[in-house]
Amino acid sequence: MNEVSLKGITKSYGAHLAIPPLDLDVPKGKFVTLLGPSGCGKTTTLRIIAGLEQPSDGELTLSGKSVFSGRNSHFVPPEKRGLGFIFQSYALWPNMKVDRNITLALQQARKPKDEIQERLGEALKKVQLEGYQDRFPSELSGGQQQRVAVARLIAARNSILLMDEPLSNLDAVLRTEMRTELKRLSRDLGATTIYVTHDQVEALTMSDIIVVMKDGVIQQMGSPYEIYHQPSNLFVAEFIGDPRINLFDATLEQRDSRSVLHIGEIEINLPHALPQSSGPMRLAIRPERLTLHDAPVANSLPAEVDVVQPTGSQTILSLTSQGNAVTVLIPRFVERWPSRKVWLELDAEHIMVFDSRSGQLLQTTGGPIRQENAA
Ligand code: ATP
């Protein structure tokens, strides 16, 4: 069942159409991330779901109940939608101590005192803030304040959680910790979570489903694995992945029921045929699917090593090959590459081909996507 459902939702600001008709179904219990560059409409979409923003038109249902309908101007205000929020700024009440910040909504809902105390204790324990209930937010670190916001969600026991860039104000170490925390929270509560970020690492690590948006339009909706390995167009391919995906101009030829790609001087026989098209294409390959050699091997391009950047467990190599900037990711610490002139082997199994005009991914014949991580 879909817990959140948007049908033909639009939002205009004056003459500016921020969200063209948008359809989005979020299944119950899933962690769904809206991902995209600044201005793509992810916050507006979340605020519409929250009721903080009124759409211009369309239909919105939460847990099967209509909360907005453009047909009869039906609009349920945010406080009656039964949602939990965490936003970028922690939105704690500065004049209230931690315990009151966590339980205010429960008190307003006139829950019995015993139950409020029980939920407060449980929430403080879950976020490891036992003993902090008598402090004001100003007496806590940024990470602790964010954990109070999380505790408030735990205590409220909402079945739908909305989070807008909740980690962006935290330092790198805390962000990684809180990422784990929020993922665990969502799982433990069995909640449906809609999470907004422009950070692809957060999206890939936390989500069951990623929705990639651009200019208010959904470019692709799929599992992190699908989004990374089968991006539906060049925008998604380039937006996801750090270091970025490598792109080359290529020409596709159909020869004796095989698909052959020409890149510069070399020819690559694709293991999965792409029979529908031929002509100029964009070839894309992830940096970890390129291997360096000192001498030519099959499916390899000549290249020159430019910069070597070890990051600890991995090394990023920047190269040039036939006028293209190329990035290679090596899963170990390399200080210096021994020779400047190398050969770059492309793993044909992991080459993606995009139509150079439409930018759409060419589909292979019938082959399911490679699930190398399947048990
Ligand atoms: P960011 O990551 O920068 O927050 P976003 O993807 O969340 O970006 P939105 O904030 O949803 O994007 O904005 C979508 C579009 O709507 C943008 O073009 C933005 O300028 C516009 N917009 C958002 N809020 C308003 C407003 N109150 N008035 C006018 N235009 C707005």
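**Student:** What is the right way to look at the sheet that holds strand 18 (residues 315-321) in this model?
**Tutor:** Think of a sheet as strands paired side by side through backbone hydrogen bonds, with each pair either parallel or antiparallel. Across the sheet, which stays open at both edges, the 5 strands sit in the order 16-20-17-18-19 with antiparallel pairing between neighbours. Only two strands of the sheet have a single neighbouring strand rather than two, namely strand 16 (290-293) and strand 19 (324-330). The sheet shows a mean angle of 45 degrees between the axes of neighbouring strands, taken without regard to direction.

**Student:** Any chance you could explain the pairing of strand 10 (residues 209-214) here in plain terms?
**Tutor:** A regular strand places its side chains so that they alternate between the two faces of the sheet. The buried fraction of strand 10 amounts to 5 of the 6 residues, a majority that puts the element mostly inside the structure. Pairing analysis gives 5 bridges linking strand 10 to strand 11 (residues 217-222), with the strands arranged antiparallel. Bridged to Val-212 within strand 11 is Gln-220. Once strand 10 ends, the chain turns through 2 residues before running back antiparallel as strand 11, passing Asp-215 with a positive phi of about 50 degrees.

**Student:** Got a minute to help me understand the sheet that holds strand 9 (residues 192-197) in this structure?
**Tutor:** Pairing within the open sheet is mixed, and its 6 strands lie in the order 7-8-9-3-10-11. Looking at strand neighbours, the two that pair on one side only are strand 7 (83-86) and strand 11, the edges of this open sheet. Within this sheet the neighbouring strands show an average axis-to-axis angle of 15 degrees, counted without direction. Helix 4 (residues 142-156) contacts strand 7 and strand 8 (160-164) of the sheet and is inclined by roughly 175 degrees relative to strand 7.

**Student:** Sorry if this is basic, but what is going on with the pairing of strand 8 here?
**Tutor:** Counting buried residues in strand 8 gives 5 out of 5 residues, a clear majority hidden from the surface. In strand 8, alternate side chains face the same way, and those of Ile-160, Leu-162 and Asp-164 on one face and Leu-161 and Met-163 on the other are all buried. Note: strand 7 against strand 8, 4 bridges, orientation parallel. Directly across from Gly-84, in strand 8, lies its bridge partner Leu-161.

Procedures and definitions
Each chain carries its own residue numbering, running from 1 in the written order of its sequence. This being a predicted model, a pLDDT of at least 70 is required before a residue's local features are given, and a value of 80 or more before pairs of side-chain atoms are given or counted; all residues contribute to the totals for chains, interfaces and linings. Computation of side-chain values: all heavy atoms of the structure, hydrogens and water removed. A pair of strands is treated as paired once DSSP finds two or more bridges between them. Going along the chain from the N terminus, every DSSP run of H or I of four or more residues is numbered as a helix, and every run of E of two or more is numbered as a strand. Fitted lines through C-alpha atoms give the axes, limited to the stretch in contact for helices. The angle between two N-to-C directions lies from 0 to 180 degrees. A simple rule labels every residue: compare its accessible area, found with a 1.4 Å probe on the protein chains alone, to the largest value its type can have, and call it buried under 20%, exposed over 50%, or partly exposed in between. Only heavy atoms enter the contact rule, under which two residues are in contact if any of them lie within 4.5 Å.

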